[in-house]
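These are the residues of each chain, in order.
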Amino acid sequence: VRAIAVDRSTVYAGGIFVGPRVGVAAFDRRSGATTPFDARLDLGIVETLALTPSGLWVGGGFLKAGGRDQHRLALLDTATGRLHPKSLHAGGFVQALAARSDGGLLVAGNTEGESSAFFKGRLDSVGGVPRRFAAAISKIDGRATAWNPAPSASPEQFVVDDASVWAVGYFT
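It should be emphasised that the depicted structure is a prediction, and the values quoted were computed from it without experimental measurement.

Enquirer: Summarise the environment of Leu41; cite the residues concerned and give the values.
Expert: Following the sequence through the fold, Leu41 ends up in the loop between β3 (24-28) and β4 (46-52). You can call Leu41 buried: its relative accessible area is 8%. Residues Leu41 and Ala65 lie 24 residues apart in sequence; the distance between their C-alpha atoms is 4.4 Å. Those residues in contact with Leu41 that sit more than four places away from it in its chain are Val22, Gly23, Val24, Val46, Phe62, Lys64 and Ala65.

Enquirer: Tell me about the nonpolar core, and name the residues and values.
Expert: In this structure, Tyr12, Val24, Phe37, Leu49, Leu56 and Leu76 are the most contacted members of the largest nonpolar core, which totals 18 residues. Of all the secondary structure elements, the ones that give two or more residues to this core are β1 (3-6), β3, β4, β5 (55-60) and β8 (73-76). Counting residues per element, this core draws most heavily on β4, at three residues. Apart from the residues lying within four places of it in its own chain, the contact partners of Leu76 are Val24, Phe37, Ala39, Gly55, Leu56, Val58, Gly81, Arg82 and Leu83.

Enquirer: So what's going on with the packing of aromatic side chains? Residues and values would help.
Expert: Here the structure, examined in full by the defined rule, presents one aromatic pair. Measuring from ring centre to ring centre gives 5.4 Å for Tyr12 and Phe37, while their planes differ by 70 degrees; the resulting arrangement is edge-to-face. Here the residue Tyr12 occupies a position in strand β2 (residues 10-14), and Phe37 occupies one in the loop between β3 and β4, the gap between them amounting to 25 residues.

Enquirer: Give me the lowdown on the sheet that holds β8, citing residues and values where you can.
Expert: Taken in spatial order, the three strands of this open sheet run β4-β5-β8, and their pairing is antiparallel. Edge strands, defined here as strands with exactly one partner in the open sheet, are β4 and β8. Along the sheet, successive strands turn relative to each other by an average axial angle of 20 degrees, direction set aside. Here six bridges tie β4 to β5, and the two strands are oriented antiparallel to one another. When the bridges of β5 are listed, Leu51 appears paired with Leu56.

Enquirer: Could you give an account of the side chain of Thr35, naming the residues involved and the relevant values?
Expert: In this fold, Thr35 is placed in the loop between β3 and β4. Excluding its chain neighbours within four sequence positions, the residues that come into contact with Thr35 are Arg21, Ala26, Phe27 and Asp28.

Enquirer: Help me get a handle on the sheet that holds β1, residues and values and all.
Expert: Pairing between the strands of a sheet is mediated by backbone hydrogen bonds and can be parallel or antiparallel. Judged by pairing direction, the sheet is antiparallel, and its three strands sit side by side in the order β1-β2-β3 without closing on themselves. Only two strands of the sheet have a single partner each, and these edge strands are β1 and β3. Looking at each pair of strands side by side, their axes are set apart by 20 degrees on average, direction ignored. When β1 meets β2, the two strands line up antiparallel, connected through four bridges.

Enquirer: Which residues make up the side chain of Ser87, and what are the values?
Expert: Relative to the helices and strands, Ser87 resides in the loop between β8 and β9 (90-101). Overall, Ser87 belongs to the buried group, its relative accessible area being 13%. Reaching out from Ser87, the side chain makes a polar contact with the backbone nitrogen of Leu75 at a distance of 2.8 Å. With residues near it in sequence (within four places) discarded, Ser87 still touches Gln70, Ala74 and Leu75.

Enquirer: Lay out the pairing of β2 with the relevant residues and their values.
Expert: Within β2, four of the five residues are buried, which leaves the element mostly enclosed by the surrounding structure. Here β1 hands over to β2 after three residues, the two strands then running antiparallel side by side. Summarising the sheet, β2 and β3 pair through five bridges and their orientation is antiparallel. From the neighbouring strand, Thr10 faces β3, where its bridge partner is Asp28.

Rules of the game
Residues numbered from 1 in each chain as written. Predicted model: local features only at pLDDT ≥ 70, side-chain atom pairs only at ≥ 80, totals over all residues. Heavy atoms only, no water. Helix = DSSP H or I, 4+ residues; strand = E, 2+ residues; numbered from the N terminus. Buried < 20%, exposed > 50% of the residue type's maximum accessible area, 1.4 Å probe, protein only. Contact = heavy atoms within 4.5 Å. Core = buried A, V, L, I, M, F, W, Y, C linked by side-chain atoms within 4.5 Å. Phe/Tyr/Trp six-rings, centres within 6.5 Å; stacked < 30°, edge-to-face > 60°. Pairing = 2+ DSSP bridges. Axes fitted to C-alpha atoms, helices over the stretch in contact; angles between N-to-C directions. Polar contact = N/O pair within 3.5 Å; in protein donor to acceptor, adjacent residues only side chain to side chain.

Shown next as structure tokens:
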């Protein structure tokens with residue numbers, strides 16, 4: 001397991017594993033039993049998870065979700081694991097996700113208000129929009145936003161609040 005996200009009733013685990021679920025699984029927070037959630041990922045890697053009001057963002061090295069081509073980034077329904085129509089392809093391995101609230105509250109994987117999911121990795125595009133190493137996706141329409149910091153290398157991690165994004169790593 002490489003990533004965990006938690007909401008009121010469910011614990012989501014992402015990583016490198018196979019079995020009844022591949023790459024990402026959901027467990028009832030009280031009983032520990034698996035839920036019906038099934039993203040149907042291929043045998044790729046899930047490196048990072050982020051919960052938003054739109055669903056669970058999953059990032060990593062997979063190439064399929066919900067039985068469809070879905071490169072490295074997917075927005076999934078939190079109850080079923082079905083692929084959300086706002087899902088975008090990432091042109092490279094996604095290593096970190098963070099949810100940002102633009103007018104509400106950011107709480108351990110659950111946001112209120114208008115949000116964007118920020119993600120980074122060794123990527124060169126998001127949803128067909130050129131981006132180098134870092135990008136943001138709008139919660140409203142699921143498209144890449146104008147935010148384009150273009151760091152010289154991939155950030156290792158993001159921390160976000162209502163007004164700022166901090167990135168750490170070996171870049172200029």
